[in-house]
Amino acid sequence: MKFPLSMTAGMAGYIVKNKLRPRPEWQVNKAVQNDSSNPFKIIYTAQTGVKREPHPMINRRFPLVLMLEPLHTCNLTCTGCGRIREYESTITQKLSVEQCLAAVDECGAPMVTICGGEPLLYPEIGPLVTGIMQRGHSCYLCTNGMFMVKRLKELKPHELFFFNVHLDGMEKNHDLAVEREGVFKEAIKGIQAAKAAGFKVVTNTTVYVETDMNEIEELFGYLKQFDVDGHTISPAYGYSAVNDREIFLTRDRVYEKFVNIDKLAKKYPLQTTPVYMDFLQGKRELPCTAWGNPTYNVKGWKGPCYLITDAHYKTFEEFMTQTAWEQYGPGQDPRCEHCMMHCGFEPSAAFGINSKASDSIRMLSWLVR
Ligand code: SF4
Ligand code: SF4
């Protein structure tokens with residue numbers, strides 16, 4: 001077992017508790033609703049037809065994973081990165097550790113993903129991770145891997161702490177995607193050093209139009225020798241800040257790319273849930289549940305989601321109550337049309353939206369595996 005059972009059980013307990021007793025202050029809807037007769041429409045486009053229904057969790061909103069961006073500074077300029085472009089004017093600013101931990105407490109999500117920018121350029125990364133661990137949250141530190149060797153000594157292995165290394169392909173194509181030679185080799189050195197020091201390490205891969213899925217299988221096979229603990233894989237989706245729209249996938253292209261993902265999941269420890277995999281294959285529809293994956297950065301709580309920025313809110317409660325949730329998601333906002341990103345749809349899978357009787361057994365066997 002590579003992932004602690006306590007982490008999974010804790011997450012399951014948190015979901016059940018919040019579904020039964022959601023915090024009332026987060027369910028207030030201050031934003032203007034366009035259609036009072038059916039204010040929170042979602043569209044199911046299953047093979048059986050199109051059905052418009054209210055979002056089943058709209059009055060039971062709570063967060064699952066906090067995307068914490070202590071800074072947006074990065075040593076790379078990856079082709080598909082929206083952050084370094086969108087936050088160019090504040091790229092030298094950073095949150096203090098106190099601000100970061102206040103955000104962790106304010107939202108209370110059981111899982112915190114530290115991203116950016118490059119979090120290993122954050123001077124106080126050690127105290128930040130320690131503070132998150134002391135609060136009992138699990139923590140993923142997303143990194144391009146280039147500073148892992150150098151900064152490893154500032155962190156301590158913990159069963160709830162994971163490095164999450166960004167790898168979009170084998171050496172040649174990964175270095176092309178991040179627009180610098182040598183990055184793949186450095187990331188591999190970082191993975192080896194972290195594993196040798198007793199850390200848990202997972203990888204995350206973004207699939208673009210150009211991605212050859214055979215190469216992703218080759219990548220996972222290659223990483224096996226380093227005893228990597230898991231892999232996340234998700235389709236790229238266009239940030240408004242990125243001009244090159246050609247690199248992003250439409251829904252039909254996502255279905256094509258992910259057609260064999262369950263075979264990959266049988267061979268390698270994918271962290272992607274079976275329900276989200278169904279969604280990526282076009283076998284099931286899910287609504288967007290963007291509030292499940294809130295983002296906090298130097299400008300505040302970013303709404304509505306990790307990808308689109310229509311506002312930054314000062315408090316988490318303002319983000320939850322002042323975002324016009326009914327206006328987002330496929331069929332609602334043209335910017336959402338082809339989005340299948342984990343930040344909007346993995347929470348829907350985890351919350352059991354649109355679930356089937358067989359889901360519990362599949363989830364259990366996925367967890368055990
Ligand atoms: S490493 Fe991450 S933050 Fe840096 S440019 Fe690439 S995608 Fe953006
Ligand atoms: S569908 Fe995607 S882009 Fe639209 S709000 Fe949800 S996560 Fe954001």
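Residues numbered from 1 in each chain as written. Chains lettered and ligands numbered in written order. Predicted model: local features only at pLDDT ≥ 70, side-chain atom pairs only at ≥ 80, totals over all residues. Heavy atoms only, no water.

(A) Structural view of the site of ligand 1. The full set of residues close to ligand 1 is Cys74, Leu76, Cys78, Cys81, Ile84, Gly117 and Asn144. Its residues placed into classes, the shell around ligand 1 shows 5 nonpolar, 2 polar and no charged. (Near = heavy atom within 4 Å. Nonpolar A, V, L, I, M, F, W, Y, C, P; charged D, E, K, R; others polar.)

(B) Here's a closer look at the site of ligand 2. Residues in close proximity to ligand 2 include Cys288, Cys305, Leu307, Ile308, Tyr328, Gly329, Pro330, Cys336, Cys339, Gly344 and Phe345, which together make up its full environment. Here the residues of the shell around ligand 2 are counted per class, giving 9 nonpolar, 2 polar and no charged.

(C) Spotlight on the packing of helix H3 (residues 97-107) against helix H4 (residues 125-134). Between H3 and H4, the least distance of the axes is 10 Å, while the angle of their chain directions is 25°. Here H4 runs roughly parallel to H3, going by the angle between their axes. Viewed along their axes, H3 and H4 form a crossing whose handedness is right-handed. Along its contact with H3, which presents Val97, Cys100, Leu101 and Val104, the element H4 presents Pro127, Leu128, Gly131 and Ile132. The residue makeup of the contact of H3 with H4, split by class, is 7 nonpolar, 1 polar and no charged. (Axes fitted to C-alpha atoms, helices over the stretch in contact; angles between N-to-C directions. Helix = DSSP H or I, 4+ residues; strand = E, 2+ residues; numbered from the N terminus. Parallel < 35°, antiparallel > 145°, perpendicular 65-115°, else oblique. Left-handed = near helix turned anticlockwise from the far one by under 90°. Contact = heavy atoms within 4.5 Å.)

(D) The environment of Ser365, seen in detail. Summarising the element assignment, Ser365 is placed in helix H14 (residues 359-368). Taking the C-alpha atoms as reference points, Ser365 and Pro274, separated by 91 residues in sequence, lie 9.8 Å from one another.

(E) Region of the structure containing the sheet that holds strand S4 (residues 111-114). An order of S8-S7-S6-S5-S4-S3-S9-S10-S11 is seen for the 9 strands of this open sheet, with the pairing classed as mixed. Both edges of this open sheet fall to strand S8 (230-235) and strand S11 (309-313), since each of them pairs with a single strand only. The sheet shows a mean angle of 25° between the axes of neighbouring strands, direction not considered. Where strand S6 (residues 161-166) lies against strand S7 (residues 200-207), 5 bridges are found, and the strand directions are parallel. Of the residues in S7, the one forming a bridge with Phe162 is Lys200. On top of the sheet, helix H8 (residues 213-223) reaches S7 and S8; it is set at about 170° to S7, its chief contact. (Pairing = 2+ DSSP bridges.)

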